[in-house]
Amino acid sequence: MQSDRPAAERHPILVVDDEAQLRDTMALLLKRQYEVHTARDGAEAQALLESQPFHLVVADERMPRMRGTDLFAWMRANQPDVGRILLTAFLDADAMLRAINEGQVERFLIKPCDPVVLRVAIAETLETRRLTLENRQLVQDLK
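On a plain count of helices and strands, the protein comes out with five helices and five strands. Reading the helices (α) and strands (β) of the protein from amino to carboxyl end gives β-α-β-α-β-α-β-α-β-α. The C-alpha atoms of the protein give 15 Å as radius of gyration, which agrees with the globular expectation for 143 residues (15 Å, within 12%). Taken over the C-alpha atoms alone, the protein extends approximately 45 × 40 × 30 Å along its principal axes. When burial is assessed residue by residue, the protein has 38% of its 143 residues classed as buried. For the protein, contacts bridging at least 24 residues in sequence account for 59% of all contacts bridging at least 6. Accessible area of the protein: about 8100 Å², with a carbon and sulfur share of 52%. Positive and negative side-chain charges of the protein, numbering 19 and 23 respectively, have mean locations separated by a distance of 2 Å.

Listed below in structure tokens is the structure:
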């Protein structure tokens, strides 16, 4: 399948979910636009994040071994420039607060998530990341 974007413009994205069917469906949905990688849980995601660069992580909240919010809190400390979108099937105010305060997620989406909503959230998060990095470079250049 051909991509709509040149290889140099394809953002590397990591999809983290313990449900294989959902993980594979999201990868299929996004692979035309992005370089999509997948992980079964937060520990596997951490290993991938330490071994290669990603621009964005989309993670489920409730997974074995590590919650999505715990992964994002780790990312905030170790991979602060990687965009973060949390997916959950449960409206859990505690998880939302942890995601915002500890993981600094850009988006909090409820599963099942409309594919259009997911694509827009990803595009907007990647654009925010781009602008943040660009602004940081401009400030550095001014110094």
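Next up on the list: the pattern of salt bridges. Close approach of charged atoms allows side chains with opposite charge to pair. If you walk through the whole model with that rule in mind, you get 10 salt bridges. Of the charged contacts, one joins Glu44 and Arg40 as a salt bridge, the two residues approaching to 3.1 Å between their closest N and O atoms. Relative accessible area serves as the criterion here: at 23%, Glu44 is assigned to the partly exposed category. For Lys111, the salt bridge is made with Asp60, and the minimal N-O distance between the two is 3.2 Å. Here Asp60 lies in strand 3 (residues 56-60) and Lys111 lies in the loop between strand 5 (107-110) and helix 5 (115-142), a separation of 51 residues in the sequence. Comparing Lys111 with Asp60, the two get one shared label, buried.

Here we take up helix 1 (residues 20-30). Regarding helix 1, the residues found buried are Arg23, Met26, Ala27 and Leu30. Buried positions in helix 1, seen along its axis, are confined to an arc of 100° and lie on one side of it. Within helix 1, the exposed residues directed more than 90 degrees away from the buried face are Gln21 and Leu28.

In the predicted model, the protein carries a mean pLDDT of 88, and the fraction of residues at 70 or more is 93%. Here residues 1-7 scores under 50 on pLDDT; set against residues more than four positions off or in separate chains, the count is nine contacts.

Okay, the pairing of strand 3 next. Within strand 3, five of the five residues are buried, which leaves it mostly tucked inside the rest of the structure. Going residue by residue along strand 3, you find Leu56, Val58 and Asp60 tucked away on one face and Val57 and Ala59 tucked away on the opposite face as well. Both strand 1 (residues 12-16) and strand 3 contribute to a ladder of four bridges, which runs parallel. Bridge assignment links Val15 to a residue of strand 3, and that residue is Val58. When strand 3 meets strand 4 (residues 83-88), the two strands line up parallel, connected through five bridges. The residue bridging Leu56 from the neighbouring strand is Gly83, located in strand 4.

The next thing to look at is the pairing of strand 2 (residues 35-39). For strand 1 and strand 2, the ladder comprises five bridges, and the chain directions are parallel. Along strand 2, the bridge assignment pairs Ile13 with Val36. In this region the chain leaves strand 1, passes through helix 1 and returns to the parallel neighbour strand 2; the handedness of that crossover is right-handed.

Cut-offs and rules
- Residues numbered from 1 in each chain as written.
- Predicted model: local features only at pLDDT ≥ 70, side-chain atom pairs only at ≥ 80, totals over all residues.
- Heavy atoms only, no water.
- Helix = DSSP H or I, 4+ residues; strand = E, 2+ residues; numbered from the N terminus.
- Rg over C-alpha atoms; globule rule 2.2 N^0.38 Å.
- Buried < 20%, exposed > 50% of the residue type's maximum accessible area, 1.4 Å probe, protein only.
- Contact = heavy atoms within 4.5 Å.
- Areas by Shrake-Rupley, 256 points an atom, 1.4 Å probe, with all protein chains shown as cover.
- Lys, Arg positive; Asp, Glu negative; His and termini not counted.
- Charge placed at Lys NZ, Arg CZ, Asp CG, Glu CD.
- Salt bridge = Lys/Arg side-chain N within 4 Å of Asp/Glu carboxyl O.
- Arc of directions from axis to C-beta.
- pLDDT = per-residue confidence, 0-100.
- Pairing = 2+ DSSP bridges.
- Right-handed = clockwise from strand over helix to strand, strands pointing away.

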